[in-house]
Amino acid sequence: MATAAAESLASACQHVEEQLQLGRQYMDLSDLLHITSNSKTTLSGSSDHDYPIVSNPAFDLTPLPFMAPVKRVPLPQELVDQFNHMQCSCLMGLFTDIGRAYLTIDSTIFVWNYKDGSDLAYFDGLSEVILCVALVKPKPGLFQSHIKYLMVLTTPLQIVLLGVSLNEANGLACGEMHLQPQPLFAVSSDNVQHLAVAGTSCGRIFLAGKDGCLYEVVYQAQDSWFSRKCRLVNRSTNTLSYLLPSFLTFSSEDPLVQLCIDPTRNVLYSRSEKSCIRVYDLGADGQECTGMASIPADRLVELASLCARDLDRNIFRQIVHIAPILSSESSTLHLLAVTQTGVRFYFTTTENGRVGRPTLLSLVHVRLPPGYSQSLVSTRPGGVHAACHREGSFLFCSPARDDVDMLWLMDADSFPFCHNLTEMQHGVEISGRTWALESVPDATSGQLLGMGLRSEPPLILCQHVKPAPTFVLLTAQGTSIVTKLRPVDQLEQLLLDSNGSDTPALRSFFHLYQPHEACAMCLILICTATQQVRALAEQAYFRHGGEPQIHMPATPMPGAAVPSPLFASTPLGARVPGLIPTTAGVAGSPWSATNTANVQTPPAMGAAFDSPVIGAIRGGAAAGGPTSNVLGRPVSGPEIVYSNRLRGLVIYFSRLIGPLWDGLLVQLAGNTRAQAATLPQVHSSVTMDELNWVAQHVQRLIDFLDGNAALKSSIKADASDQNVHQKMLRFMRPAPTPNVGAAQAGQQQAQQKQQAEAMAAERNVLRDLSTLFKRTGEVLNLWRILCENDLSTVISGLSVSHQGLVRQMKFCHLIAHGQETCSALIAQLTKRFLSNRTELEAISARLRQICPSLYSADDAVITRAAEALAEAKKKATPAEREQLLQDSLRLYSTVTLHLPLAVVCAQYTDVQFFSGLVDLCLACAKKRDPQSLALHHFRQQQPFDDAAGIAAYTSRRECYDGVIKCLDDLHTRSQTASVPSGASPQKATDASVHSAAQQLEGTLSRTLACDDELMHIIAYDWLIKTGQTTRLLQVTSPYLDTYLTQAAEKEPADAALGLLWKYYERTQNFSSAAQVLGQLAERQPGTGTLQQRAEYLSRAVMCAKSCNLMTPTTHTGQTLHDLEEKLEVARIQLQVQTALQLKRSTISDHAKQAAADRALEEINGELMDISKLYGDYADQFDLSECKLAIVHCAGHHDPALVETLWKEIFDQELQQSSLATADARVQSLSSKLVLLGQIYAQSRRYFPIAFLVRHLEELTARLRLPLGWVASALQHVGLSPAMLLNVYDRLFKAKDPCWQSAGRPLHILNAIHNLLASPDLFANLLPADKSSLRLNCLQAVTSYLVELQSMLSQDKELKTTVANFKKLQMKFQSAS
């Protein structure tokens, strides 16, 4: 549902965006006049379409009202009497800024309210004749606050500044006016008559001198060393002129008669009596004055004549009025001048109209007045003596006949989107000669008018907010107030005149402005006018609004006539070559013009009013097929043409909300983006008055849409007597089809089907728009409440991310997809009232009333829960506090949607209500996913095509995140170090490290006590992430086994397997633990070291033994056997690794080093079988000890191989100790023998004693090593003396010639002597064994003596050996 609403809003917003974009595509005044450069002067006004006459039969349009009836206010009788006292001269003029007119009689000035002739005031403190009067603004801060204006009076001798006070009321509708009795300043005129005065917005006062010079009255608060409080400065001369008296200065005899100032550019213009125009640059800050350029009358006439050679040059002479063209009216044109014949001159002051300070004055366009058309001959104005220009409207007065003036009005409001300047003209007679003609400023908000556009928009775009332009003319008979009707005013007048009938004038209005624009104007009246006008406007809206239709486009024939420019320049533009894209001319526009059956289009206008359409239907379904709304381009398939009433609805709403749509919500203090990061203070970018105005009109539009069914049935929509509601919903059923022939039945049925589809499409758009209107109204109402309750404070309470979002957000974003932002603002707003229940209930009720979709019933419950939570913070007793916390939990738990769970969790964390936090998160998770789709999605490995599962999982995860965030916070606090000794106890947190640990355990236990499997999984993940694996293994839950098992199936699985075997071991599931440990040991290469694998196998053997002890079975026994074998091989592999590492340290060859490194990496990477260890590593790198261990492990019986391996072992040992002493070498050999003997002595196959004794004794003899170490080492291994005596005896009797070759023939006998002479020979033997050994030794010694005595040698060694053995014989004999 939320998605559908979002799509509906997005669709409607797209329509509004496109309409706003199209509404901005009007042309600048310079483009309308086809001005291309300042070096070329263009001409207009000579074409029939420059000043069309709608009453001309060629156009077939009924004349429309363009002016309201003139309001005439006579002069006050007191002033009429004053004319009888005139001696020299009199002047009349207008102060429209304050709603006043003035009259001077000689030296006295009278001021009165020109609207009703009241509030007459005068000043008679002068003695000279008044030459000129002006009302200017004072310098800011110079006078007291009640002085709002300065009245400047010039006389032949002096210039006087009077203070003007006003009792303001309603902005420009000023109250009573007071003239100060004494002048504020008076300065000598320097014998120069000043004929015109102009003031700037910053308080500067300029005067037009009769000597042709520009002067300025410079005034200040106090005199200074170099200047007086008030002085007159000549701005037309250089600095030297200040040092010369006025009679020594020279100027041309061309008095200045008019000054005007462009306040938007700070530029001053002057007009002389001889029509010379000069431009002065006042500087970017308005504090300078530099003459930049001028253009004389002759040059103007010459330039104008070049572009109008067939016209009389005299019509370009004698300029009577100049007026600035503000930057809001045009970015490139700067000045307008009017001649005595009504010709308008347009000037620019910059090169090619670029933005910048004025550098030149160039005539770029000449606009002829009406009457110069070649085909339409009308009255040509002449003798123009007053003129006024305002926002595209141009008025001037010329004599009509004796004592009667003709007021000419020309404006382009009826053709706002034309490709050239097309103006309607209207004339009205004014009694008397016009002394002054001025426009009345309005107080409309500049923001609501500007709409963020590049220049002042056409009146049709802002007429809903802008009042009708009003002008005031002053004659000797009084004032004439003329109001130019806006298009909507014209429509209102026509509706009142028609009284509900479909008059020709009303039809002409819809033709002229286009039906959709006229429908938008009907909506303006429906939402703003009186009840009578509203009823008439509703009738016209539905009568001319038409119905959606199916349009079958046709390709125009080659050479088809282009529509008339007059009707091509309708408000939505026509498709004329060279015309810029407009509302109807932009390709792909969803709001295009259309005709209805109710509007009779003259043949001559049909092409002009035919407009592109939108949408394409293929086979009866709306689609975005290939379409085109460019005239002459083929379009495939029928197209939907939406009704004018629907398009008018979009137009009106777009213009209503347009000023806010693309505007930022807030403005930062200082209005600079650079200060955004340092100035948190913000304020609404829209004032309350503007916001109230827009919200009020949007609500009226909503009321119209919602209440149209309640319209009175007497209001007929058309001749069929349908009421308004039936007329609006007529698309719900097709119109009846008359009986036709059988051949046409199929075609009629297809047309009805297409019509139904068009109606359905329009109904969908209308539904979307209704959603948008209501959301807009609610957002505006919410913003009003926020502004009323200190918007800046509310925003400052948001999170940092939300604050940044609000500061950058536009109103359109807040309306379209700002639900979350609105909720955050509402939450922060209600938070301010939590301490006051009455105010909280009031603000909640108001929010529910004016923005129900943004603040629902659930939101109200949330507010009450927040109130209970706030009360709990204030309670001192634990019982009351707990009760309020439980109340808040109960209320929060009832909310099903839009609960700001993260905010609530943060609040519960602040009050340490951790159990409630866990319960609330779990309850929200269950409500958001009642069918446990998230768990199913998780179990299915989270497939990407499971949209429902993804949504459920995401929603649940948001709930679980509240618990996890709380656990994170408690875990961090529990890990915080204790307060150092000597530190202040206040620096510790409210919860100590110990209490935080207790809270963590309690929160975790409550979390793990739930039956939510997915919550368990999330909690287990958190425990692993935070390194609390010991705590994880303490969990007693059926979910943990599944969790760890599933985790072990994923890659990488090391951590999970490591936890899993510990979990099995803790639960005494030793069989599974052994299995997991075996998996860890044998996992793929690169996932652990060899040492780790060996340790895993060792633990696995222990677990298997434990399992075998508890439940001995064949299976467990076999498992234990397999593990033990694997462990034995692993240990040998470790031995190979160690040996190879030692070997690697002795290798100097780089290639062999690299080979050894690779081998070590391979050995460390995985467990290997015994054959690979022997063939690829032990044998290849000549690791004899490792080979012996492998042969032993494999049980391979090969005596020759074993003897060879032993020989290699001792040879390598001798090689390593080649440089050592004999004793050191003996020690090395002895240690090696003992070490290996302890391993292999129990297995005679792999510990050949006879071979070892012979080989080692041979080495001893050959290397002249000390005697006795071999027997001693073997005794340490565990061989008995009797066994050794037997081995040595057989070795002696073998008579091996190796002893002779070694030069030690008696070596074995000497070795036997050392063995038998050892004091430990009979140690640790039983008495019987001692006797037996002693007897054996005696027999052996006797036999050895026989052998020795048979030797005939007299060698000293022999004699010594014989003596030694005789001693032994005597020793053993005596012991017997």
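For the structure given in this document, a descriptive report is provided here. Fair warning: this is a prediction, and the values are worked out from it, not measured in the lab.

1. With respect to the pairing of strand E12 (residues 194–199)
Point 1. Summarising the sheet, E12 and strand E13 (residues 205–209) pair through 5 bridges and their orientation is antiparallel. For Ala 198, the partnering residue across the bridge sits in E13 and is Phe 206.
Point 2. Linkage of E12 to E13, two consecutive antiparallel strands, is achieved through a turn of 5 residues, within which Gly 203 is found at a positive phi near 100 degrees.

2. Quick look at the sheet that holds strand E5 (residues 108–113)
Point 1. Pairing is antiparallel across the open sheet formed by 4 strands, whose spatial order is E3-E4-E5-E6. Each edge of the open sheet is held by one strand with a lone partner, namely strand E3 (90–95) and strand E6 (121–123). Taken pair by pair, the neighbouring strands of this sheet meet at an average axis angle of 20 degrees, ignoring direction.
Point 2. Of the pairings in the sheet, the one linking strand E4 (residues 100–105) to E5 comprises 6 bridges and is antiparallel in character. Of the residues in E5, the one forming a bridge with Ala 101 is Trp 112.

3. Description of helix H36 (residues 1150–1165)
Point 1. Given a rise of 1.5 Å per residue, 16 residues ought to cover 22 Å, and the 22 Å separating the end C-alpha atoms of H36 matches this to within 8%.
Point 2. The N-capping residue of H36, defined by a side-chain oxygen 3.2 Å from the backbone nitrogen of Ala 1151, is Asp 1149.

4. Remarks on the state of the cysteines
Point 1. This model, assessed by the stated rule, comprises 0 disulfides.
Point 2. Its sulfur unpaired, Cys 397 is 9.6 Å from the next cysteine sulfur, which belongs to Cys 388.
Point 3. The class of Cys 397 is buried, set by a relative accessible area of 0%.

5. Examining helix H7 (residues 487–498)
Point 1. The end-to-end C-alpha distance of H7, which contains 12 residues, comes to 16 Å, matching closely the 16 Å that a straight helix rising 1.5 Å per residue would cover.
Point 2. Considered for burial, the residues of H7 that qualify are Pro 487, Val 488, Asp 489, Gln 490, Leu 491, Leu 494, Leu 495 and Ser 498.
Point 3. Tucked inside the fold, the buried residues of H7 contact helix H6 (459–462), helix H8 (504–513), helix H9 (515–528) and helix H10 (531–544).
Point 4. Of the residues flanking the end of H7, it is Asn 499, one or two places downstream, whose phi is positive at about 55 degrees.

6. So, the sheet that holds strand E21 (residues 335–339)
As a general point, the strands of a sheet are linked pairwise by backbone hydrogen bonds and lie either parallel or antiparallel.
Point 1. Pairing in this open sheet of 5 strands is mixed, and the strands run E1-E23-E22-E21-E20 from one edge to the other. Lying at the two open borders of the sheet, with one neighbouring strand each, are strand E1 (42–44) and strand E20 (319–324). On average, each strand axis in the sheet is inclined to that of its neighbour by 25 degrees, with strand direction left out of account.
Point 2. Of the pairings in the sheet, the one linking E1 to strand E23 (residues 362–367) comprises 3 bridges and is parallel in character. Note on E23: the bridge partner recorded for Ser 44 is Arg 367.

7. Notes on the packing of helix H39 (residues 1199–1216) against helix H40 (residues 1222–1240)
Point 1. With their axes 10 Å apart at the nearest point, H39 and H40 run at an angle of 150 degrees to one another. Relative to H40, H39 is oriented roughly antiparallel. Relative to H40, H39 is oriented so that their crossing is right-handed. On H40, the residues that touch Trp 1206, Ile 1209, Phe 1210, Glu 1213 and Leu 1214 of H39 are Arg 1225, Ser 1228, Leu 1229, Lys 1232, Leu 1233, Leu 1236 and Tyr 1240.
Point 2. A class-by-class count of the residues in the contact of H39 with H40 yields 8 nonpolar, 1 polar and 3 charged.

8. Side note on the pattern of salt bridges
Point 1. Within this structure, the stated rule accounts for 43 salt bridges.
Point 2. A salt bridge links Glu 517 to Arg 655; the shortest N-O distance between them is 2.5 Å. Taken as a pair, Glu 517 in helix H9 and Arg 655 in helix H13 (residues 644–661) lie far apart in primary sequence, 138 residues in all.
Point 3. Residue classification places Glu 517 among the buried positions, given a relative accessible area of 0%.
Point 4. Given a relative accessible area of 8%, Arg 655 falls into the buried group.
Point 5. For Arg 645, the salt bridge identified is with Glu 762, shortest N-O distance 3.7 Å.

9. Regarding a negative patch on the surface
Point 1. On the surface, a cluster of negative charge is made up of Asp 1122, Glu 1124, Glu 1125 and Glu 1128.
Point 2. On the secondary structure map, Glu 1125 appears in helix H35 (residues 1114–1146).
Point 3. The class of Glu 1125 is partly exposed, set by a relative accessible area of 41%.

Rules behind the numbers
Within any chain, residue numbers begin from 1 and follow the written order of that chain's sequence. Under the rules for a predicted model, residues below a pLDDT of 70 receive no local features and side-chain atom pairs below 80 are neither given nor counted, while totals for whole chains, interfaces and linings still include all residues. Note that the side-chain values use all heavy atoms of the structure and ignore hydrogens as well as water. Two strands qualify as a pair provided that DSSP identifies no fewer than 2 bridges between them. Secondary structure counts use DSSP, requiring at least four H or I residues in a row for a helix and at least two E residues in a row for a strand, with both numbered from the N terminus. Here an angle of 0 to 180 degrees is reported between the N-to-C directions of two axes, which are lines fitted to C-alpha atoms, with helices fitted over the stretch in contact. Expected span of a helix, by definition, is 1.5 Å for each gap between consecutive residues, and there is one gap fewer than residues. Between N or O atoms, a polar contact is any pair within 3.5 Å; within protein, one atom must be a potential hydrogen donor and the other a potential acceptor, and residues adjacent in sequence are included only when both atoms are from side chains. By convention in this document, the label disulfide applies to cysteine sulfur atom pairs within 2.5 Å. Burial here depends on accessible area, computed with a 1.4 Å probe over protein chains only, as a share of the maximum for the residue type. Under 20% is buried, over 50% is exposed, and the range in between is partly exposed. Contacts between residues were defined by any pair of non-hydrogen atoms, one from each residue, lying within 4.5 Å. For classification purposes, angles smaller than 35 degrees are called roughly parallel, those larger than 145 roughly antiparallel, those between 65 and 115 roughly perpendicular, and all remaining angles oblique. For any pair of crossing helices, the crossing counts as left-handed if the nearer helix is rotated counterclockwise from the farther one by less than a right angle, and right-handed if it is rotated clockwise. Ten residues, namely Ala, Val, Leu, Ile, Met, Phe, Trp, Tyr, Cys and Pro, are considered nonpolar, four, namely Asp, Glu, Lys and Arg, are considered charged, and the remaining ones, Gly among them, are considered polar. For salt bridges, the criterion is a side-chain nitrogen of Lys or Arg within 4 Å of an Asp or Glu carboxyl oxygen. Here, patches come from residues exposed beyond 30% relative accessible area and free of salt bridges, joined within 9 Å for like charges and within 5 Å for nonpolar side chains (Val, Leu, Ile, Met, Phe, Trp, Tyr). We get accessible surface area from the Shrake-Rupley algorithm with a probe of 1.4 Å; when it comes to residues, only the shown protein chains can shield them. Positive residues here are Lys and Arg, negative ones are Asp and Glu, while His and the chain termini are left out of the count. Positions of charges follow a simple convention, taking NZ of Lys, CZ of Arg, CG of Asp or CD of Glu.

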